[in-house]
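In case you want the letters, here they are:
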Amino acid sequence: MLSEIGVRSLDELFDRQIPAAVRLQRPLDLPAGMAEQDVYEHLRALAARNTSAEDEISFLGAGMYDHYVPAVVDMLMERSEFLTPYTPYQPEISQGGLQVMFEYQTAISELTALPVSNASVYEGPSAVAAAAYLAKLANGKPKVVVSRGVHPHARAALRTLAAGYGHEVVEVGLRDGVTDAAAWAGAIDQDTGAVIFQQPNFLGAVEDAAALAAAAKDSPAVVVGSYDPIPLGILKPPGEVGVDVAVGEGQSLGNRLDFGGPSFGYFAATDAYLRRMPGRIAGETHDVDGKRGFVLTLQTREQHIRREKATSNICTAQALNALAGVVYLTWLGRHGLVELGELLLQRTHYAREALTAVDGVEALHEQPVVREFALRLDAPVDRVIARCQDAGINPGFAIGREYDEYPDGLLVALTERRSKEHIDRLADILGAAVAAERHSAGVSA
Amino acid sequence: MLSEIGVRSLDELFDRQIPAAVRLQRPLDLPAGMAEQDVYEHLRALAARNTSAEDEISFLGAGMYDHYVPAVVDMLMERSEFLTPYTPYQPEISQGGLQVMFEYQTAISELTALPVSNASVYEGPSAVAAAAYLAKLANGKPKVVVSRGVHPHARAALRTLAAGYGHEVVEVGLRDGVTDAAAWAGAIDQDTGAVIFQQPNFLGAVEDAAALAAAAKDSPAVVVGSYDPIPLGILKPPGEVGVDVAVGEGQSLGNRLDFGGPSFGYFAATDAYLRRMPGRIAGETHDVDGKRGFVLTLQTREQHIRREKATSNICTAQALNALAGVVYLTWLGRHGLVELGELLLQRTHYAREALTAVDGVEALHEQPVVREFALRLDAPVDRVIARCQDAGINPGFAIGREYDEYPDGLLVALTERRSKEHIDRLADILGAAVAAERHSAGVSA
Amino acid sequence: MTQTIFEKGAPGRRAFTCPPLDVPAVDGLLPEAFRRAQEPRLPEVSEPELVRHYVNLSKRNFDLDSGFYPLGSCTMKHNPRLHERVAALPGHSRLHPLQDPARAQGALELMWNLERALAEVAGLPHVSLQPSAGSHGELAGVLLTKALHADHGEARTKVLTPDTAHGTNPATVTMAGYELVKLGTNADGGVDIDDLRAKADETVACLMLTNPNTLGIFDHNIEEIAEIVHEVGATLYYDGANLNAVMGISRPGDMGFDIVHFNLHKSFTQPHGGGGPGSGPIAVAEHIEPYLPRPVIVQGADGTFDLDDHRPKSIGKLRGFQGNYGCFVRSYAYIRSLGAEGLKDASETAVLNANYLLARLRTLGALNKLPLAYGELCMHEFVLSGAPMKRDLQIRTLDLAKRLLDHGFHPPTVYFPLLVDEALLIEPTETETRETLDAFAEALAEILREAADDPSVARNAPYSTPVRRLDEAAAAKHPVIRQAF
Amino acid sequence: MTQTIFEKGAPGRRAFTCPPLDVPAVDGLLPEAFRRAQEPRLPEVSEPELVRHYVNLSKRNFDLDSGFYPLGSCTMKHNPRLHERVAALPGHSRLHPLQDPARAQGALELMWNLERALAEVAGLPHVSLQPSAGSHGELAGVLLTKALHADHGEARTKVLTPDTAHGTNPATVTMAGYELVKLGTNADGGVDIDDLRAKADETVACLMLTNPNTLGIFDHNIEEIAEIVHEVGATLYYDGANLNAVMGISRPGDMGFDIVHFNLHKSFTQPHGGGGPGSGPIAVAEHIEPYLPRPVIVQGADGTFDLDDHRPKSIGKLRGFQGNYGCFVRSYAYIRSLGAEGLKDASETAVLNANYLLARLRTLGALNKLPLAYGELCMHEFVLSGAPMKRDLQIRTLDLAKRLLDHGFHPPTVYFPLLVDEALLIEPTETETRETLDAFAEALAEILREAADDPSVARNAPYSTPVRRLDEAAAAKHPVIRQAF
Ligand SMILES: Cc1ncc(COP(=O)(O)O)c(C=O)c1O
Ligand SMILES: Cc1ncc(COP(=O)(O)O)c(C=O)c1O
């Protein structure tokens, strides 16, 4: 091949193009390559040093959830035809992926009761920030009001991004577990470009979304709701309560936990924002023979066409994870999503009753909950969690890690994989752990 | 749908066709159905109660081996297009499967240095019996001579089948770990329809295959060799030592252990037996436009055409496992199979040295070995094995379970997954176990 | 023009990296006389080449996940993907068959539970999971019969099978060392009872029957047949390939059968793998239990399971180890997913779908040229005769089948059963939708209409497949069965 | 005509079986006001229908496992299958991101090792794995620059990018609240140094560069460029999309870059998934470390790992949790499989393949109509201009691309970079064989020959695809972006 090129050596190829001064004159300081079986064993050994949801009964949620991923999802994600192509720039040979996007957009639109959905953004928290950026482009107002019920990571991502494009971020606290209505109303004014709440909020409480949205009615603010998609079979959808832009974390829709990613974020809106959406959008059309087909559309929003005037810089998104999402929703089906929501509603109620009946454990709030709820422990939360994990059960998330105002809070999440038997076991073990900690506290006191 | 059929109810469909007396008048006595996630958890719980090669360092072989199965094999076996069709009765829409068979046949033919291979039979031991049946049809002689070096399950399958079609089975014992040459020669006569040996034999010893075949030269016997395919990169192939029919267990070629199956048996022969082969054979041809294509050929051997005159009753065979086999061989490649054979040869020698250096452990035979070898323990073998397994290492197979003449035998197998470190660990733990057993024997004595 | 993997790649290319030699290298471990001189000429390709070659080959296959596959007698029902997932769990897939049973309790319990479930479905008390496929189960069944009679000092010489029998039945009879005697079929599509009476005597060891048979007809004389067979001391063998019609509805044991084989890859949904793997467990009556293949699974008083290999009267082993466990995992998952009701529902729907498709074809007039061979209704499958089509439209069943390929359907089983002229054996299975059945019926009718205009279209079909009709005669005349170098 | 999943199925059909309610049912748990009245109209299909629908849809995609995919700037290298296997291990795939770090040591060690490896390849000491893709990494990089300057009490307003820059660069500049200033390209295809000198002043926060750039040209003035940028106190940002050209050969840090993003889904082989997921880690110089996104992985004296979230100067979080761990597992497996030598070999072969393909095209005369835009040699990719072809043969680059589809190839990137008229950006990658490159070159030449005879063939291409050219204008004019009911 070198002779065809007309060079004597590989080195010549590089010598002629790269200044010697910036050539690396030594081998990379990395381990030598390994045989496939040895790499496998190494990665297996690393995996063995993690305690996964396969190794303990886990009630950990707080944004990502251990739902059952049906086998059909894995099988379809592993199909070379879905796994290995890139963005469908050539629609004639990408109809599979494009139609999947179209079906995905339809499913998200149905879930949210909003007419417009894109084909996915990175994940949940950054989707919240992206929604604020949309508002900034739409109305240019300087301020965004966000409830502390919104996931801490989403609020962090919002602040990080806002520091760039320039939004003042005002947080509104919680009261009785939900967004403080008075403070919320008070924070919203004519300079407010966006208001953002989460449903259910981080503490698992179902917010009065309609009221929160109504409070922004007389302001220029874009109303943004970050919704957990799983309860949307039973919860009033954003499109019916006055939300303009609905976003959320898609992981619980057929995606693995994967220690936090990759998953996908969904991004839906009213027609008003169609041309301000970030990311890819698939649209239906026809070919020269009149055959039905799908293409990437409204690309004049995007960076590869509009460059510095684009509505977002996103390019590679989460197509494969969004595929998992629509396959999962199809697997659940029209009635399955409702049944799943009801099952979680009932088990969550049962769990909240069972756990608040435990000595030294009380509800952090009394609001309605659908799949996750917050407790207060009369014992050091981290130590209680450690004790439970040593007993093979992960009771949930220490809210104090993110909320100074709830140092004693424990956030407990359910999925359909957590049965009554698991819940009863948790009640026993949590009770024992709290008692033990109070005892040793008593002793040390 | 019922109205289209013209019946009032499902029951009517059955009442009109099945006599009431033979209708089941009660529900089946089986558990109720379960959700996918619950079936998964149940099967996972059962799996957790097995100690697999993932849970211990295993030197267990004796016919099936824990080789590394490359990821490409799983991926291709899981492709719907290979996984879910049936036998390629319609060649126009089965070219993929048919070409795979053709490639598989070529690979087996290369491995064995025999010109003819079928597309697979069930597995190894029944392939040995099938080879004897071929001999019976070919020469009608009443007797088959089989070395006790042949896998006990293969000899059992031979006897079971022979009891049907009528072969007298004569076994020839081992001496110094290999087939007793004199007894072998003595057992072969003009009534002998087939002679069968295994390479390497059950004790891991490399037989003098050429000599064993030569001993049958003046008899009508079909010379059958059952070969482990893995060492065929370095071992003289059956086609070069006078073997007429080579068969073997294909599991070690890219197939999982699966507690014994499914795997595949390969079946290769000289041209003389082409029209007496059992099972499917793919052949090359062309279509009406002259395009190259493949079909099932020589079907006049088979049950669906020849019925009671067929060369075998086999119908559904092991196509998917044979696919794994040819993909694995392709993955290894021309030089990989040799390198693998050399690696095993060296490690097996090292392991034999290391273990025979252990107190109370000696070689059962001194013959050359390539991937498996036999030891004698001066302690109860089953108890030693149990002790080792409790220490996380499975030392191998208790030969006494199948051979009364070797009550103290331990058969140790290697694959490329068993490293020097594993071998050294085995030496330590085996030494400790033997010592402990001798000690307690001493005590109880 | 398609290339084989041996025609691709280049010297030195490879996918495999050999683990490093970590022990001192020693020369001469293998005597030169035993050494191979020239290595096998396996392919030399990189992983990307390997993947592309086989992925592209796979696209030259039609498969069940892609379309309708009404291959009669093969029960091409959907293969739930969960089964692949659970079968791949290392605790199942990396379990060595010779592992100490005490350390394989999960596997033995699974097999035990599967045996119990199959026994209940068959209506017979004892099961062996060992046979590798249906025909292997048949062989086991006939050898059990031989052992039974031998044990009673009898040496019988004949086995009866109806002319509707699948080819594996007569082939099995010969392999087991018996003489085959054929039975005729009566006007209803069942066994000709008089012929049976005439041929049933003390020289007969067994009658092998499929019920419903390969015509999709349930033999309503089954009780009488059983009586006749048992009167002469022969066994009645049930070829379970068609069990999908009667799960939870009618049990072979209750019909009077002594031995049954199951095709787990049919009624209990194994992926068919392009021709296997399969699994052919057998269920037997009490008096045949002593002869079952060894080992058998036994449960101790403490509930633990073990393998009992000490079975003096056993016919021995049919193969290595305990059978195709990987298939057991899948079929067990299937049985637990469906449960008692689900299994019955599956059979009911299979029969409903077959009769619906038959009715659609009748409505569309297709049966005028493709009459139903026997009866009016059917069980899970039915047989049409292409004779009138051949006579009136000048296209054969083969042409119809090939033309179906252009419509995107896998053809039914053709030219079987043998006693039906130009036979088409159609089995839709329960996992197909009404829409699919309608589309298939429409396609058949369309092909008949098309043939009425111009039979040459079907005669030269297919047109849309990776290759068109292949020269099978040439392939058999000058067999090229491996790559030449 | 293709149907969507919403147009299939029937009421009541489903794949999902809900686990039984195992707790006492309670009414009114959810206030009616919060309850949804009408459920989302999701599909109603069985598992077999679901599988068939999506399997058949998949067949309407072209993919890397099936054919050559020289999509310039996207590094479509083979995705080893081992990576899918290890990423699926439950210890990785079912690990919750909020698991106590003490119980996620394997994951943290993997991330730590990956950070070290990426730092070594970049030649910069510190890495954050958090960004979700390249453009996310760009945003992180520019926000880091902003934080750096703010920390020093400076408020700069401009960011420079060359006109060869990928669209994400300018889009990022705007998102980060900067004004974009474009730089020209010199005759060698590098940055116009004079233009840079003229525009580089204290108002400039950063210069974003790709090197080799999107022309496949390595800028030999890179040291001088770095000097100029650093003189005015701006940062030099490395867009790592083209890192596949220089792994182990030349390091951005050694070139003078302060901040680098990696596209793990390019240089470090993630399956591209039809448009993600990706991962865009960043490596930075010492003085930028304090501003890295939180949390950062830290190793304690005892060797254990932890997540440090208390980073007062951090720009904060770009997203939830710790980034796309599933991608980290794959890229880490890749780095360990190849090792130091293997990575260098990959880049060398990538550059060799690109130059070989370029040479083949030259030999075949294709460059007469499709001249190389800049230079003689190239790095891992090269850009041709279709302008002469358009002028002389009356076919556009788009026509050439569409005609390539009929030859079974994915076309190169087209109409990018913008400064080349009718651009074709071709990147073969190192995992393609010489045979494939030859076949592709031959196809390009053949299309040019064909166009010389009859340009309408290419102009109306493709012919062999599931659909032919689609009306994108209509799609944008009247957007139909969801299924109507
Ligand atoms: C009626 C009948 N009997 C027996 C068999 C043989 O079963 P197998 O292919 O599993 O050996 C078949 C399968 O084709 C069949 O249809
Ligand atoms: C040169 C260049 N820069 C940046 C990007 C953006 O990377 P990503 O798509 O991962 O956001 C790309 C990818 O297309 C690219 O080619």
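Because the structure is predicted, anything quoted here is derived from the model rather than measured.

Criteria and thresholds
Residues numbered from 1 in each chain as written. Chains lettered and ligands numbered in written order. Predicted model: local features only at pLDDT ≥ 70, side-chain atom pairs only at ≥ 80, totals over all residues. Heavy atoms only, no water. Near = heavy atom within 4 Å. Polar contact = N/O pair within 3.5 Å; in protein donor to acceptor, adjacent residues only side chain to side chain. Areas by Shrake-Rupley, 256 points an atom, 1.4 Å probe, with all protein chains shown as cover. Nonpolar A, V, L, I, M, F, W, Y, C, P; charged D, E, K, R; others polar. Disulfide = S-S within 2.5 Å. Helix = DSSP H or I, 4+ residues; strand = E, 2+ residues; numbered from the N terminus. Expected span 1.5 Å × (residues − 1). Buried < 20%, exposed > 50% of the residue type's maximum accessible area, 1.4 Å probe, protein only. Contact = heavy atoms within 4.5 Å. Salt bridge = Lys/Arg side-chain N within 4 Å of Asp/Glu carboxyl O. Buried area = accessible area lost by both parts, 1.4 Å probe. Domains from an automatic or database assignment. Pairing = 2+ DSSP bridges. Axes fitted to C-alpha atoms, helices over the stretch in contact; angles between N-to-C directions. Phe/Tyr/Trp six-rings, centres within 6.5 Å; stacked < 30°, edge-to-face > 60°. Right-handed = clockwise from strand over helix to strand, strands pointing away.

Focus: the site of ligand 1
Okay, so step 1: Around ligand 1 lies a shell of 15 residues, among which Thr316 of chain B together with Ser73, Asp239, His265 and Lys266 of chain C are the nearest.
Okay, so step 2: The site occupied by ligand 1 is bordered by residues of chains B and C.
Okay, so step 3: A distance of 2.7 Å is found between an oxygen atom of ligand 1 and a backbone nitrogen or oxygen belonging to Ser135 of chain C.
Okay, so step 4: At 3.0 Å, a side-chain N or O of Lys266 of chain C approaches an oxygen atom of ligand 1.
Okay, so step 5: Isolated, ligand 1 exposes 390 Å² of accessible area, and the fraction of that covered by the protein chains is 99%.
Okay, so step 6: Residues that form the shell around ligand 1 fall into these classes: four nonpolar, eight polar and three charged.

Considerations on the state of the cysteines
Okay, so step 1: In the structure shown here, the tally under the stated rule is zero disulfides over all chains.
Okay, so step 2: Summary of cysteine pairing: Cys74 of chain D is not part of a disulfide, and the nearest cysteine sulfur, belonging to Cys315 of chain A, is at 7.3 Å.

Regarding helix 6 (residues 95–112) of chain A
Residues and elements named next belong to chain A.
Okay, so step 1: Over its 18 residues, helix 6 runs 25 Å from end to end, which matches the ideal 26 Å to within 8%, given 1.5 Å per residue.
Okay, so step 2: Taking burial as the measure, the 18 residues of helix 6 include 18 buried ones, the bulk of the element.
Okay, so step 3: Just beyond helix 6, the residue with positive phi is Ala113, at close to 55 degrees.

Examining the interface of chain C and chain B
Okay, so step 1: Every contact between the two is made by 196 residues of chain C and, on the other side, 180 residues of chain B.
Okay, so step 2: Taken together, the links from chain C to chain B amount to 19 salt bridges.
Okay, so step 3: As a salt-bridge pair, Arg347 of chain B and Asp22 of chain C come within 3.0 Å of each other at their nearest N and O atoms.
Okay, so step 4: Run the count over chain C and chain B and you get 110 residue pairs in polar contact (both at pLDDT 80 or more).
Okay, so step 5: Per-element accounting of the side of chain C that touches chain B gives the leading share, 24 residues, to helix 10 (residues 325–363) of chain C.
Okay, so step 6: Each residue belonging to the side of chain C that touches chain B can be placed in one class, and the counts come to 103 nonpolar, 50 polar and 43 charged.

Details of the site of ligand 2
Okay, so step 1: Around ligand 2, 15 residues are found, and the nearest of them are Thr316 of chain A together with Ser73, Asp239, His265 and Lys266 of chain D.
Okay, so step 2: Near ligand 2, the surrounding residues are drawn from chains A and D.
Okay, so step 3: In this structure, His265 of chain D approaches ligand 2 through a side-chain N or O atom, which is 2.7 Å from an oxygen atom.
Okay, so step 4: Protein coverage of the free-state accessible area of ligand 2, which is 400 Å², stands at 99%.
Okay, so step 5: The dominant element in the shell around ligand 2, judged by the number of residues it contributes, is helix 5 (residues 134–151) of chain D, at three residues.

Digging into the interface of chain C and chain A
Okay, so step 1: On the side of chain A, 13 residues touch chain C, which itself brings 11 residues to the contact.
Okay, so step 2: Here chain C meets chain A over a buried area of about 890 Å², counting both sides, of which 53% is carbon and sulfur.
Okay, so step 3: At the junction of chain C and chain A, the tally comes to two salt bridges.
Okay, so step 4: Here Glu81 of chain A and Lys59 of chain C are joined by a salt bridge, their closest N and O atoms 3.8 Å apart.
Okay, so step 5: Counting across the chain C and chain A interface gives four residue pairs in polar contact (both at pLDDT 80 or more).
Okay, so step 6: Secondary-structure elements contributing two or more residues to the side of chain C that touches chain A are helix 1 (47–58) and helix 2 (81–87) of chain C.
Okay, so step 7: The element that contributes the greatest number of residues to the side of chain C that touches chain A is helix 2 of chain C, accounting for three residues.
Okay, so step 8: The residue inventory of the side of chain C that touches chain A, partitioned by class, reads five nonpolar, one polar and five charged.

Focus: the domain arrangement of chain A
Okay, so step 1: Domain boundaries assigned for chain A yield domain 1 (2–35), domain 2 (57–64 + 334–444) and domain 3 (71–328).
Okay, so step 2: A straight line from the C-alpha centre of domain 1 of chain A to that of domain 3 of chain A covers 45 Å.

Comments concerning the sheet that holds strand 6 (residues 259–262) of chain D
All names here are of chain D.
Okay, so step 1: Taken in spatial order, the seven strands make up an open sheet running 1-7-6-5-4-2-3, and their pairing is mixed. The open sheet terminates on both sides in strands that have one partner only, identified here as strand 1 (126–128) and strand 3 (179–183). Adjacent strand axes in the sheet meet at a mean angle of 25 degrees, parallel and antiparallel pairs treated alike.
Okay, so step 2: The pairing of strand 2 (residues 158–162) with strand 3 spans five bridges and is classified as parallel. The partner of Val159 across the bridge, within strand 3, is Leu180.
Okay, so step 3: Its contacts with the sheet place helix 8 (residues 222–231) against strand 4 (204–209) and strand 5 (235–240), and it is angled at close to 135 degrees to strand 5.

Observations concerning the packing of aromatic side chains
Residue and element names in this part refer to chain C.
Okay, so step 1: Overall, the coordinates contain 44 aromatic pairs over all chains when judged by the stated rule.
Okay, so step 2: Summarising the aromatic geometry, the rings of Tyr325 and Phe328 are spaced 6.3 Å apart at their centres and angled 85 degrees between planes, so their arrangement reads as edge-to-face. You can see Tyr325 and its partner Phe328 sitting in helix 10, three residues apart, about one turn around the helix.
Okay, so step 3: Centroid distance Phe409 to Phe440: 5.3 Å. Interplanar angle 85 degrees. Geometry classified as edge-to-face. With Phe409 in the loop between helix 12 (397–406) and strand 11 (413–414) and Phe440 in helix 13 (residues 434–453), this pair connects stretches of sequence that are 31 residues apart.
Okay, so step 4: Accessibility expressed as a relative area gives 11% for Phe409, which makes it buried.

Re unusual backbone geometry
Okay, so step 1: Look at the link from Arg294 of chain C to Pro295 of chain C: it is a cis peptide, with omega at 0 degrees.
Okay, so step 2: Here Pro295 of chain C is to be found in the loop between strand 7 (282–284) and strand 8 (296–299).
Okay, so step 3: The amide bond that connects Phe416 of chain D to the next residue, Pro417 of chain D, takes the cis arrangement and shows omega of 0 degrees.
Okay, so step 4: Take Pro417 of chain D: it is sitting in the loop between strand 11 (413–414) and strand 12 (423–426).
Okay, so step 5: Residue Ala113 of chain B is not a glycine yet carries a positive backbone phi of 55 degrees.

A short note on the pairing of strand 8 (residues 222–227) of chain A
Residue and element names in this part refer to chain A.
Okay, so step 1: For strand 8, the tally of buried residues reaches six of six residues, placing the bulk of the element in the interior.
Okay, so step 2: The two faces of strand 8 match: Val222, Val224 and Ser226 on one face and Val223, Gly225 and Tyr227 on the other face are all buried.
Okay, so step 3: Summarising the sheet, strand 7 (residues 192–199) and strand 8 pair through six bridges and their orientation is parallel. Among the inter-strand pairings, Val195 is bridged to a residue of strand 8, identified as Val223.
Okay, so step 4: Viewed along the sheet, the connection from strand 7 through helix 10 (residues 209–214) into strand 8 turns out right-handed.
Okay, so step 5: Where strand 8 and strand 9 (residues 245–249) come together, three bridges link them in parallel fashion. Paired with Ser226 across the strands is Val247, a residue of strand 9.

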